[in-house]
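Examining the three-dimensional arrangement
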Amino acid sequence: MAFSRESALDVANVLSESLPYIQRYAGKTLVIKYGGNAMTDEKLQAGFARDIVLMKAIGIHPIVVHGGGPQIGDMLEKLSIESKFINGMRVTDAATMDVVEMVLGGQVNKHIVNMISQAGGKAIGLTGKDSHFIQAKKLFVKHQAEGMSAPEPVDIGHVGEVASIDTNVLKVLENSDLIPVIAPIGVDAEGNSYNINADLVAGKVAEAVGAEKLMLLTNISGVQDKQGNVLTGLTTAQVDGLIADGTIYGGMLPKISCALSAVNAGVGSAIIIDGRVPHAILLEILTDKGVGTLISNTKAAE
Ligand SMILES: Nc1ncnc2c1ncn2[C@@H]1O[C@H](COP(=O)(O)OP(=O)(O)O)[C@@H](O)[C@H]1O
Ligand SMILES: CC(=O)N[C@@H](CCC(=O)OP(=O)(O)O)C(=O)O
């Protein structure tokens, strides 16, 4: 790209101003959750891949965890299998699990790996089955159906939560020029596959590697109040209230709960940002113009 002398100077100024931010994050691990709803636009995907490559080039260690809910939904529809969610979790029978594994581990994961390669980086795609690094256990969601006096645990099939993360493989990659791209599929000791919400995997990966920051890219400008205003900062107590009165529901529930759990377990900060904004990641880490909802460590704040 050819710049005029003035605009070249602007570029140089911007780069110079980002120095303190680069120094702050160089050598640190950042976990980026790339939501299925934020990755539907080709141009944005290319920008995302480029931002990840840039992070690695300036000495940050990015770990990408991706979703793919809409992509799974599309494939299920093609196969005439019904999609059903309870508390933001997909009800996953054996046939749905096969589709989840195919779409997340095959299609979506390799697409992101390919985009990063196109941007000049070296990505390596993993599911939790690789080196069995995401150990999962069955998740029962608490749900209050009509007529029930209190929420009860519901069996939603092959849906898991993270039991443990083996960080060995991630450490090997951190010390190389490879960027891990993780599909949220877990496995138990018997080799059974589990469909895990990608936010939950991102949060647990961030906790396990002691990440400096957890960034959750989604398809909305942040957590909003009932009037649609973005809540720029939230603590546990505020979140409890917003869930109780129904302001936070559906797909935002696992996002909020993994962000809270991560910061309370020592992750430096967790932020929910709008993945529809071009270069959302760079705006957040290399400028003071990042916007979204910052989830703070309430233990430290109290
Ligand atoms: N209080 C809230 N503020 C913003 N979004 C919310 C809120 N409560 C629920 N949501 C829903 O959560 C969605 C984000 O979750 P989801 O669709 O699962 O995203 P992703 O695919 O990025 O994981 C938003 O698009 C919105 O519909
Ligand atoms: C149990 C469960 O709900 N798993 C998710 C996994 C993908 C995901 O989390 O994708 P997004 O981040 O794009 O929503 C699902 O089947 O849709």
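In case you missed it, the structure is sitting above this.
Described below are features of the structure shown in this document. Treat the numbers as computed from the prediction; the structure is a model and nothing was measured.

What counts, and where the lines are drawn
- Residues numbered from 1 in each chain as written.
- Chains lettered and ligands numbered in written order.
- Predicted model: local features only at pLDDT ≥ 70, side-chain atom pairs only at ≥ 80, totals over all residues.
- Heavy atoms only, no water.
- Near = heavy atom within 4 Å.
- Polar contact = N/O pair within 3.5 Å; in protein donor to acceptor, adjacent residues only side chain to side chain.
- Areas by Shrake-Rupley, 256 points an atom, 1.4 Å probe, with all protein chains shown as cover.
- Helix = DSSP H or I, 4+ residues; strand = E, 2+ residues; numbered from the N terminus.
- Nonpolar A, V, L, I, M, F, W, Y, C, P; charged D, E, K, R; others polar.
- 1 Å grid on protein atoms, 1.4 Å probe; cavity = no way out; pocket = protein on both sides within 12 Å on 5 of 7 lines; lining within 4 Å.
- Sits in = over half its atoms within 2 Å of the grid points.
- Buried < 20%, exposed > 50% of the residue type's maximum accessible area, 1.4 Å probe, protein only.
- Salt bridge = Lys/Arg side-chain N within 4 Å of Asp/Glu carboxyl O.
- Axes fitted to C-alpha atoms, helices over the stretch in contact; angles between N-to-C directions.
- Left-handed = near helix turned anticlockwise from the far one by under 90°.
- Contact = heavy atoms within 4.5 Å.
- Pairing = 2+ DSSP bridges.
- Points joined across faces, edges and corners; volume = space filled by probe spheres on them.

**Overview of the site of ligand 2**
Residues in contact with ligand 2 amount to 16 residues; listed here are only the nearest, Lys33, Gly36, Arg90, Asn195 and Ala198. Between glycine 68 and ligand 2, the recorded distance is 3.0 Å, taken from a backbone N or O atom to an oxygen atom. When ligand 2 sits alone it has 430 Å² of accessible area, and the protein chains cover 92% of it. Where the shell around ligand 2 is concerned, the elements lending two or more residues are helix 4 (69-78) and strand 4 (89-90). When residues in the shell around ligand 2 are grouped by element, the largest group, 3 residues, is from helix 4. Class assignment for the residues of the shell around ligand 2 results in 6 nonpolar, 8 polar and 2 charged.

**A word on the site of ligand 1**
Neighbouring residues of ligand 1: 17 residues in total, closest Thr218, Gln224, Thr247, Tyr249 and Lys255. Here an oxygen atom of ligand 1 sits 3.1 Å away from a polar atom, N or O, in the side chain of lysine 33. One of the backbone nitrogen or oxygen atoms of glutamine 224 is found 2.9 Å away from a nitrogen atom of ligand 1. Protein burial of ligand 1: of its 570 Å² of free accessible surface, 82% is covered by the chains. Given that more than half its atoms are within 2 Å of the pocket grid, ligand 1 belongs to the largest pocket. Contributing elements (two or more residues each) for the shell around ligand 1: strand 11 (213-218) and helix 9 (252-264).

**Describing unusual backbone geometry**
Here the phi dihedral of asparagine 87 falls at roughly 50°; this positive angle occurs in a residue that is not glycine. Relative to the assigned elements, asparagine 87 resides in the loop between strand 3 (85-86) and strand 4. The exposure class of asparagine 87 is partly exposed, given its relative accessible area of 32%. Within the chain, histidine 279 stands out as a residue other than glycine whose phi angle is a positive 55°. Inspection of the secondary structure assignment puts histidine 279 in the loop between strand 13 (269-274) and helix 10 (280-286).

**Comments concerning the pattern of salt bridges**
Tallied over the entire structure, the rule returns 9 salt bridges. Lysine 138 is the salt-bridge partner of aspartate 155, the closest N and O atoms lying 2.7 Å from each other. Taken together, the residues span a long stretch of sequence, with aspartate 155 in strand 7 (residues 152-165) and lysine 138 in strand 6 (residues 134-143) at a distance of 17 residues. Each of Lys33, Asp199 and Lys255 takes part in a single network of salt bridges with overlapping partners.

**Here we look at the packing of helix 3 (residues 42-57) against helix 5 (residues 94-118)**
In contact at an axis separation of 8 Å, helix 3 and helix 5 are set at 65° when each is read in the N-to-C sense. Judged by the sense of rotation from one axis to the other, the crossing of helix 3 with helix 5 is right-handed. Mapping the contact onto sequence places Glu42, Gln45, Ala46, Ala49, Ile52 and Val53 in helix 3 and His111, Met115 and Ile116 in helix 5. The residue makeup of the contact of helix 3 with helix 5, split by class, is 6 nonpolar, 2 polar and 1 charged.

**Notes on the sheet that holds strand 13**
Pairing in this open sheet of 8 strands is mixed, and the strands run 5-8-2-1-11-13-14-12 from one edge to the other. Whereas interior strands pair on both sides, the edge strands pair on one side only; in this sheet they are strand 5 (122-127) and strand 12 (233-234).

**Concerning the layout of surface pockets**
Put simply, the largest pocket is a space of about 800 Å³. Asn37, Gly88, Asn197, Gly251 and Lys255 are the residues nearest the centre of the largest pocket, which is lined by 36 residues in total. The set of elements that each furnish at least two residues to the lining of the largest pocket consists of helix 4, strand 4, helix 7 (198-209) and helix 9. The computed volume of the second largest pocket comes to approximately 580 Å³. Contributing to the lining of the second largest pocket are 16 residues, with Val14, Leu15, Leu54, Leu282 and Leu286 lying nearest its centre. Of all elements in the fold, only helix 1 (5-17), helix 2 (19-25), helix 3 and helix 10 reach the threshold of two or more residues within the lining of the second largest pocket. No other element matches the 4 residues that helix 1 contributes to the lining of the second largest pocket. Here the lining of the second largest pocket is built from residues that sort into 10 nonpolar, 3 polar and 3 charged.

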